[in-house]
Amino acid sequence: LAKTTQPISMDSYEGQEVNITCSHNNIATNDYITWYQQFPSQGPRFIIQGYKTKVTNEVASLFIPADRKSSTLSLPRVSLSDTAVYYCLVGERYSTLTFGKGTMLLVSP
Amino acid sequence: ETGVTQTPRHLVMGMTNKKSLKCEQHLGHNAMYWYKQSAKKPLELMFVYSLEERVENNSVPSRFSPECPNSSHLFLHLHTLQPEDSALYLCASSQGTSVPYEQYFGPGTRLTVT
């Protein structure tokens, strides 16, 4: 199972772009990279998922370099409501994806 | 609203009680999951039910008993719980258990064991 490493916490201000990097040195060939967002006392929310290069949706972008040993979640122009814990997971089956401690993002006015 | 509902949202029970948590998904998915999130701990996968696989985390005590009568409903039966079982119990669903299908979580049931 691929182990992931991401910062424990990050601080930002409203309107800024936030980039959260996740390291996954032993990612396997069939593994995808999945990011979730979680607010206190709520279930995680699927944000974005990718295999290689760049993926973009209405809320975020995911950058994956060619070696796939890391990935970066990019949140454009964050707001106070983006304050949450962000999880990076790597794997090919949800039954084996492991949630770590995630990155606590605090957005200030 | 993710299309996954859980009831009740809050539950307080004594150690000798028997209760059940219910999860229902309205997304047409064929895989459902139970997770446990204790205070300041990572989410822990408890059970997976799908057409492809059934997974039971061996570390989950037998006082937790899952039931999946069909692809839209998932139950977690609780009996003789301990105070350390107090946690947020989350249900999720997906179309198959393999990525890249998206996984959707319900709002959770906050369980307190007294």
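Cut-offs and rules
- Throughout, a residue's number is its position along its own chain's written sequence, starting from 1.
- Chain A is the first chain written and ligand 1 is the first ligand written, with later ones labelled in order.
- Local features in this predicted model are restricted to residues of pLDDT 70 or higher, and side-chain atom pairs are both shown and tallied only at a pLDDT of 80 or more, whereas totals for entire chains, interfaces and linings draw on every residue.
- To obtain the side-chain values, all non-hydrogen atoms of the structure were included, while hydrogens and water were left out.
- Here a strand is any run of E in DSSP of at least two residues, a helix any run of H or I of at least four, and the numbering for each starts at the N terminus.
- All radius of gyration figures rest on C-alpha atoms, and the globule criterion is 2.2 Å times the number of residues raised to 0.38.
- Exposure is judged per residue with a 1.4 Å probe applied to protein chains only, and the accessible area is read against the type maximum: over 50% gives exposed, under 20% gives buried, and values in between give partly exposed.
- Only the protein chains shown count as cover for residues, and all accessible areas are computed by the Shrake-Rupley method using a 1.4 Å probe.
- Counted charges follow a simple rule, with Lys and Arg positive, Asp and Glu negative, and His plus the chain ends left uncounted.
- For charged residues, the charge sits on one atom: NZ in Lys, CZ in Arg, CG in Asp, CD in Glu.
- Note on definitions: a residue-residue contact is assigned when non-hydrogen atoms from the two residues lie within 4.5 Å.
- The pocket and cavity definitions rest on a 1 Å grid over protein atoms only: a 1.4 Å probe that fits but cannot leave marks a cavity, an open set with protein on both sides within 12 Å along at least five of seven lines marks a pocket, and residues lining either have an atom within 4 Å of a point.
- Grid points are joined across faces, edges and corners, and a volume is the space filled by probe spheres set on the points.
- Only Asp, Glu, Lys and Arg are considered charged in this grouping, and only Ala, Val, Leu, Ile, Met, Phe, Trp, Tyr, Cys and Pro are considered nonpolar; every other residue, Gly among them, is considered polar.
- The rule for a disulfide is simple: a pair of cysteine sulfur atoms within 2.5 Å.
- Think of a salt bridge as a Lys or Arg side-chain nitrogen and an Asp or Glu carboxyl oxygen that are within 4 Å of each other.

### Thoughts on the overall build of chain A
Part 1: In terms of helices and strands, chain A carries zero helices and nine strands.
Part 2: Helices and strands appear in chain A in the N-to-C order β-β-β-β-β-β-β-β-β.
Part 3: Against the 2.2 N^0.38 benchmark of 13 Å for 109 residues, chain A shows a C-alpha radius of gyration of 13 Å, consistent with a compact globule.
Part 4: With the principal axes as the frame, chain A shows a C-alpha extent of 40 × 30 × 20 Å.
Part 5: Buried residues in chain A amount to 46% of all 109 residues.
Part 6: Total accessible area on chain A is roughly 5500 Å²; 52% of this is exposed by carbon and sulfur atoms.
Part 7: Averaging the positions of the 9 positive and the 8 negative side-chain charges in chain A gives two centres separated by 7 Å.

### Looking at the overall build of chain B
Part 1: Helix and strand counts for chain B stand at zero helices and 11 strands.
Part 2: If you list the helices and strands of chain B from N to C, you get β-β-β-β-β-β-β-β-β-β-β.
Part 3: The C-alpha atoms of chain B give 13 Å as radius of gyration, which agrees with the globular expectation for 114 residues (13 Å, within 12%).
Part 4: With the principal axes as the frame, chain B shows a C-alpha extent of 40 × 30 × 30 Å.
Part 5: A total of 114 residues make up chain B; the buried ones form 47% of that total.
Part 6: Long-range contacts, defined as pairs at least 24 residues apart, comprise 56% of the intrachain contacts of chain B with a sequence gap of at least 6.
Part 7: Accessible surface, chain B: about 5500 Å² in total, of which carbon and sulfur atoms supply 50%.

### Some words on the layout of surface pockets
Part 1: Quantified by volume, the largest pocket comes out at close to 500 Å³.
Part 2: Lining the largest pocket we find 20 residues, and of these A:V85, A:Y87, B:Q37, B:K40 and B:K41 sit closest to its centre.
Part 3: Sorting the residues of the lining of the largest pocket by element identifies β8 (84-91) and β9 (103-108) of chain A as the ones contributing at least two each.
Part 4: Split into classes, the residues belonging to the lining of the largest pocket amount to nine nonpolar, seven polar and four charged.
Part 5: Looking at the second largest pocket, its volume works out to about 270 Å³.
Part 6: A:Q42, B:E1, B:T2, B:F105 and B:P107 are the residues nearest the centre of the second largest pocket, which is lined by 16 residues in total.

### Things to note about the state of the cysteines
Defined simply, a disulfide is a covalent bond joining two cysteines at their sulfur atoms.
Residue and element names in this part refer to chain A.
Part 1: Under the counting rule described, the total for this entry stands at two disulfides over all chains.
Part 2: Paired through a disulfide, C22 and C88 show a sulfur-sulfur distance of 2.2 Å. Residues C22 and C88 share a disulfide whose torsion about the S-S bond is about -80 degrees; that sign makes it left-handed. Note that C22 is positioned in strand β2 (residues 18-23) and C88 in strand β8, a separation of 66 residues in sequence.

### Quick word on the pattern of salt bridges
Residues and elements named next belong to chain B.
Part 1: As enumerated under the stated definition, the model contains two salt bridges over all chains in all.
Part 2: R54 serves as the salt-bridge partner of E56, at 2.6 Å between the closest nitrogen and oxygen.
Part 3: Here D85 and R63 are joined by a salt bridge, their closest N and O atoms 2.7 Å apart. Taken together, the residues D85 in the loop between β8 (73-79) and β9 (87-94) and R63 in the loop between β6 (54-56) and β7 (64-70) connect sequence positions 22 residues apart. Accessibility assignment for this pair places D85 and R63 in one class, buried.

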